[in-house]
Amino acid sequence: FMKNKISACIGSPFLHPILFGLFFVLFLYAHNIEKVLFFETLSSLGAVVAMAAILFILFWFLYRDAKKATLFVSFFFLLFFSYGRVFELNGTEHYWTRHRYLLSAYTLLFAGAGFWLWHTRRDLNILTKASNIVALVLFASPLVSIGMYEAGPAQYFEERKEKPIVEKTGSPVYGRPDIYYLMVDAYASNDALKEFF
């Protein structure tokens, strides 16, 4: 019974577009986890799910086929969320291409995929299952990073409790945070700086 449930899940055309969309949001969160709270990503996660649903409805009216529609949604997500990363492959100081060239290439890829899905008569079950497996692996990777980070601080503070920091006064200090005072004077005019600071 469990094997049939897993097989049905892997063969579902509705799994991979949602997982691909959620992966990119969680990937960004995992790489900025020290600066962003998880609840701040909930709106982005909800927006991705809503976008997947809207795009599926639009593409279903175009193809009248759930597998083709969901594959096109997944391909759209891959292009949409990878654009910035591909554009900055060589760093932010020396871009390897221009927007007009990369955007043209992405447009051709998007149109080519849509054209192929429109005309193909192949059975898309294998492609759907492959997309689901890839999406599951990608979706799991940021979850592992997030889990390792969440498990890390507790262990870190446990170690600090065992070996407290001792100041020159001899009093132990447990996990005091770093405090930064930022004065963004570049955003004020000279008159404002003179008057208020």
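**So, the environment of Phe23**
Here's step 1: Structurally, Phe23 can be placed in helix 2 (residues 15-31).
Here's step 2: With relative accessibility at 9%, the residue Phe23 sits in the buried group.
Here's step 3: Placed 22 residues apart in sequence, Phe23 and Leu45 show a C-alpha to C-alpha distance of 9.4 Å.
Here's step 4: Setting aside anything within four residues of it in sequence, one finds Phe23 in contact with Leu138, Phe139, Ser141 and Pro142.

**Comments concerning the nonpolar core**
Here's step 1: Residues Phe59, Phe72, Val73, Phe77, Leu117 and Ile146 are the most contacted members of the largest nonpolar core, which totals 26 residues.
Here's step 2: For this core, the secondary-structure elements that each account for two or more residues are helix 2, helix 3 (42-63), helix 4 (66-87), helix 5 (99-119) and helix 6 (125-162).
Here's step 3: Looking at which element gives the most residues to this core, the answer is helix 2, with 8 residues.
Here's step 4: The contact partners of Phe72, leaving out residues within four places of it in the chain, are Phe59, Tyr63, Phe110, Ala113, Gly114 and Leu117.
Here's step 5: With 5 residues, the next largest nonpolar core counts Leu79, Phe87, Leu102 and Tyr106 among its residues.

**Points about the side chain of Ser74**
Here's step 1: Here Ser74 is to be found in helix 4.
Here's step 2: Its relative accessible area of 4% is what places Ser74 among the buried residues.
Here's step 3: Within polar-contact distance, the side chain of Ser74 engages the side chain of His16 at 2.5 Å.
Here's step 4: Ser74 has contacts with His16, Pro17 and Phe20, leaving out every residue within four places of it along the chain.

**Structural notes on unusual backbone geometry**
Here's step 1: Positive phi, close to 55 degrees, is recorded for Arg64, a residue that is not glycine.
Here's step 2: The class for Arg64 is exposed, based on a relative accessible area of 53%.

**Considerations on the layout of surface pockets**
To find leftover empty space, one rolls a probe the size of a water molecule over the atoms.
Here's step 1: Of the voids in this model, the largest pocket is the one considered here, and its volume is about 180 Å³.
Here's step 2: Elements supplying a minimum of two residues to the lining of the largest pocket: helix 2, helix 4, helix 5 and helix 6.
Here's step 3: Examining the composition of the lining of the largest pocket, we find that 4 residues originate from one element, helix 4, more than from any other.

**Remarks on the confidence of the model for the protein chain**
Here's step 1: For the protein chain, per-residue confidence averages 81 on the pLDDT scale, and residues scoring 70 or more make up 80% of the total.
Here's step 2: Across the protein chain, the secondary-structure element scoring lowest on mean pLDDT is strand 1 (residues 165-166), at 48, and the one scoring highest is helix 3, at 92.

**Thoughts on helix 2**
Helical geometry note: an α-helix holds 3.6 residues per turn, so side chains three or four residues apart project in the same direction.
Here's step 1: Taking 1.5 Å of rise per residue, 17 residues should cover 24 Å, and helix 2 covers 24 Å from first to last C-alpha, within 8% of that figure.
Here's step 2: With 13 of its 17 residues buried, helix 2 lies for the most part within the structure.

**A few points about the packing of aromatic side chains**
Here's step 1: Summed over all chains, the structure comprises 17 aromatic pairs.
Here's step 2: Seen from their ring centres, Trp60 and Phe61 are 5.6 Å apart, and the 75 degrees between their planes marks the pair as edge-to-face.
Here's step 3: Residue classification places Phe61 among the exposed residues on the basis of a relative accessible area of 52%.
Here's step 4: When the ring of Phe80 is compared with that of Phe81, the centres are 5.1 Å apart and the planes differ by 85 degrees; the resulting orientation is edge-to-face.
Here's step 5: Taken together through their ring pairs, the aromatic side chains of Phe23, Phe24, Phe27, Phe59, Tyr63, Phe72, Phe76, Phe77, Phe80, Phe81, Phe110 and Trp118 make up a single cluster.
Here's step 6: The residue whose ring lies beneath Arg100 is Tyr101, and the NZ or CZ to ring-centre distance is 5.1 Å.

**Examining the side chain of Thr41**
Here's step 1: Tracing the backbone through its elements, the reader meets Thr41 in the loop between helix 2 and helix 3.
Here's step 2: A relative accessible area of 7% places Thr41 in the buried class.
Here's step 3: Aside from chain neighbours lying at most four places away, what touches Thr41 is Val25, Tyr29 and Val36.

Parameters at a glance
Residues numbered from 1 in each chain as written. Predicted model: local features only at pLDDT ≥ 70, side-chain atom pairs only at ≥ 80, totals over all residues. Heavy atoms only, no water. Helix = DSSP H or I, 4+ residues; strand = E, 2+ residues; numbered from the N terminus. Buried < 20%, exposed > 50% of the residue type's maximum accessible area, 1.4 Å probe, protein only. Contact = heavy atoms within 4.5 Å. Core = buried A, V, L, I, M, F, W, Y, C linked by side-chain atoms within 4.5 Å. Polar contact = N/O pair within 3.5 Å; in protein donor to acceptor, adjacent residues only side chain to side chain. 1 Å grid on protein atoms, 1.4 Å probe; cavity = no way out; pocket = protein on both sides within 12 Å on 5 of 7 lines; lining within 4 Å. Points joined across faces, edges and corners; volume = space filled by probe spheres on them. pLDDT = per-residue confidence, 0-100. Expected span 1.5 Å × (residues − 1). Phe/Tyr/Trp six-rings, centres within 6.5 Å; stacked < 30°, edge-to-face > 60°. Lys NZ or Arg CZ within 6 Å of the ring centre and 35° of its normal.

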